[in-house]
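Breakdown of the fold
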Amino acid sequence: MTFSYEKLAEWDLRHYWHAFTQMADYRPFIIERAEGVWLIDLEGNRYFDGVSSLWCNLLGHQHPAINRAILEQLQRVAHVTSLGMSNPAPILLARRLAELTPDPLQHVFYASDGACAVEVALKMAFQYWRQCDAPEPQRDLFLAVGNAYHGDTIGGVSVGGVARFHSMFDPLLFRVVRGPCPDAYRLPPGVQSATEATAAYLAAYRELFARYGHRLAAVIIEPLIQGAAGMVMHPPGFLAGLAELCREYGVLLIADEIAVGMGRTGRLWACQWENVVPDFLVIGKGISGGYLPLSAVVTSDRIFQAFLGPYAASRSFFHGHTFGGNPLACAAALATFDELHQGHWIDHVQHMEVVLREELQSLRDYPVVGDVRCKGLIAAVELVADRDRKHGFPWEEARGRQVCDAALQRGVWLRPLGNVIVVMPPLVATAEHCQLIVEAIRFGLQSVDWS
Ligand SMILES: Cc1ncc(COP(=O)(O)O)c(C=O)c1O
């Protein structure tokens, strides 16, 4: 049964409450199908998927191998619970993740969305200290990074720090120790270079560890790039330095690679850039190729062992999500890993990073462009009202949105974060696609009245 655009738009406005959207000024934008990197609306207009359908599509839409894997799984069974029961797809995926993550990571706990996987990692870390061989129940705090984003559940919001999203919920949140946001663009006072910035940020974290180290259950970080903060990039060496502090103080490390994992940065895992092996690697979004809700926490045998014991000892991990490890999603993930491996897509990302960065540099000619940054196929163009002081436009002016609205007229769909135009195409994007994106942003920059 098909319905007219008008009918669907009417029902969209009346009944569908969209995520992170001010419904009072939402205009229906209805994508009916997609092919590769193209989103196609009800009227047949095509838009380049410039943010990978919110950072999750990896190898394009309607990928034949992923479609086939889902269909084949569907003909066997759509869902099998993970509560005391198993299925070949999540088993094989767990084995694959154990192979593809650095040693000693080898045990996989599934959830459905990223935020739920963050909850899993936080609760596992907390419980670990209460039932490991030498329990340390005083470890009841988490350390998080300024401006972090770890999802919208209460645990995720507690460790998160994007004031605009989170301050409303302050009374509901648990206490977190928070360090500065290790921003490589807005450097700490008196600091001139990225190397100095790394040292300055790490000195601040060292002070926090000296004060709270014995109380910390875990540190949680988005490695290298803080997505929702506005694709804030860390100065090199920060992650490795933080991991070193964790080791020194015996604190567990949670790497939230929900946005930066799965090859986006040009390595399968962002932590690999700084040879860091976390205690918990949290994966979501692109793990299923961006096709179906799936997330996972991969951890070590040291953690896993602390949860074993006789039934009556009650050491199980009392946590689970109905659709965690869903076979359809796991089948999509297995096909995604096969394709990543066979297609050398991660090498392709490293090559495309060079192309995209070069294309984006040309936008620096616009005085409102304060910064252009890029790592793998994650990039950002940051708009500023004052370039020297790096002051952004007031968020109420929605400048980023104005640029992206104009870019849509050039056939590129982008979703900004405040003053930051996020560019995060699927890994299969070509040089021509990178040019198309940058031309659309240029058109957007030219179209907006900056006065
Ligand atoms: C770093 C990070 N963590 C967690 C999440 C939450 O994931 P989800 O939206 O799947 O719950 C996101 C989502 O953007 C993210 O970027």
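These numbers were taken from a predicted model, which means no experiment stands behind them.

**Focus on the overall build of the protein chain**
A count of helical and extended segments in the protein chain gives 14 helices and 16 strands. Taken over the C-alpha trace, the protein chain has a radius of gyration of 22 Å; the compact-globule value for 451 residues is 22 Å, and the two agree within 12%. Dimensions along the principal axes, computed over C-alpha positions, put the protein chain at roughly 65 × 60 × 45 Å. Within the protein chain, the fraction of its 451 residues that count as buried is 47%. The long-range share in the protein chain, meaning contacts at least 24 apart out of those at least 6 apart in sequence, stands at 71%.

**So, the site of the ligand**
The environment of the ligand is formed by 14 residues, the closest being Asp-113, Gly-114, Ala-115, Gly-151 and Ala-259. If one sorts the elements of the shell around the ligand by residue count, helix H5 (residues 114-131) sits on top with three residues. Tallied by class, residues from the shell around the ligand come to six nonpolar, five polar and three charged.

**Section: the domain arrangement of the protein chain**
By the assigned domains, the protein chain splits into domain 1 (5-62 + 344-447) and domain 2 (67-343). When each unit is reduced to the centre of its C-alpha atoms, the spacing between domain 1 and domain 2 is 26 Å. If you list the elements that add at least two residues to the side of domain 1 that touches domain 2, you get helix H2 (52-55), helix H12 (345-361), strand E13 (369-375), strand E14 (378-383) and strand E16 (420-423). No other element matches the five residues that H12 contributes to the side of domain 1 that touches domain 2. Looking at side-chain class alone, the side of domain 1 that touches domain 2 contains 15 nonpolar, eight polar and six charged residues.

**Description of the nonpolar core**
Membership of the largest hydrophobic core comes to 133 residues, with the highest contact counts inside it found for Ala-121, Ala-218, Val-219, Ile-254 and Val-282. At 11 residues, the largest contribution of residues to this core is made by H5. The residues that make up this core include at least three from each of domain 1 (5-62 + 344-447) and domain 2 (67-343). Every residue in contact with Ala-121, bar those within four places of it in the chain, is listed here: Ile-254, Phe-280, Val-282 and Val-297.

**Comments concerning the packing of helix H8 (residues 194-212) against helix H9 (residues 238-249)**
One way to put it is that H8 packs onto H9 with a least axis distance of 10 Å and a crossing angle of 20 degrees. Judged by the inter-axis angle, H8 sits roughly parallel to H9. The handedness of the crossing between H8 and H9 comes out as right-handed. Across the interface between the two elements, Thr-198, Tyr-201, Leu-202, Tyr-205, Arg-206 and Phe-209 of H8 pack against Phe-238, Gly-241, Leu-242, Leu-245 and Tyr-249 of H9. Split by residue class, the contact of H8 with H9 holds eight nonpolar, two polar and one charged.

**Notes on the sheet that holds E16**
Spatial ordering of the open sheet is given by E13-E14-E16, a layout of three strands whose pairing is antiparallel. Taken across any chain shown, the strands that pair with only one partner, and hence form the sheet edges, are E13 and E16. Looking at each pair of strands side by side, their axes are set apart by 10 degrees on average, direction ignored. Strand direction decides the pairing type here: E13 and E14, joined by six bridges, are antiparallel. Residue pairing across strands places Val-369 opposite Leu-383, the latter belonging to E14. Strands E13 and E14 of the sheet are contacted by H12, whose axis makes an angle of about 175 degrees with E13.

Conventions and cut-offs
- Residues numbered from 1 in each chain as written.
- Predicted model: local features only at pLDDT ≥ 70, side-chain atom pairs only at ≥ 80, totals over all residues.
- Helix = DSSP H or I, 4+ residues; strand = E, 2+ residues; numbered from the N terminus.
- Rg over C-alpha atoms; globule rule 2.2 N^0.38 Å.
- Buried ≥ 20, exposed ≤ 12 C-beta atoms within 10 Å, placed from the backbone.
- Contact = placed C-beta atoms within 7 Å.
- Near = placed C-beta within 6 Å.
- Nonpolar A, V, L, I, M, F, W, Y, C, P; charged D, E, K, R; others polar.
- Domains from an automatic or database assignment.
- Core = buried A, V, L, I, M, F, W, Y, C linked by C-beta atoms within 7 Å.
- Axes fitted to C-alpha atoms, helices over the stretch in contact; angles between N-to-C directions.
- Parallel < 35°, antiparallel > 145°, perpendicular 65-115°, else oblique.
- Left-handed = near helix turned anticlockwise from the far one by under 90°.
- Pairing = 2+ DSSP bridges.

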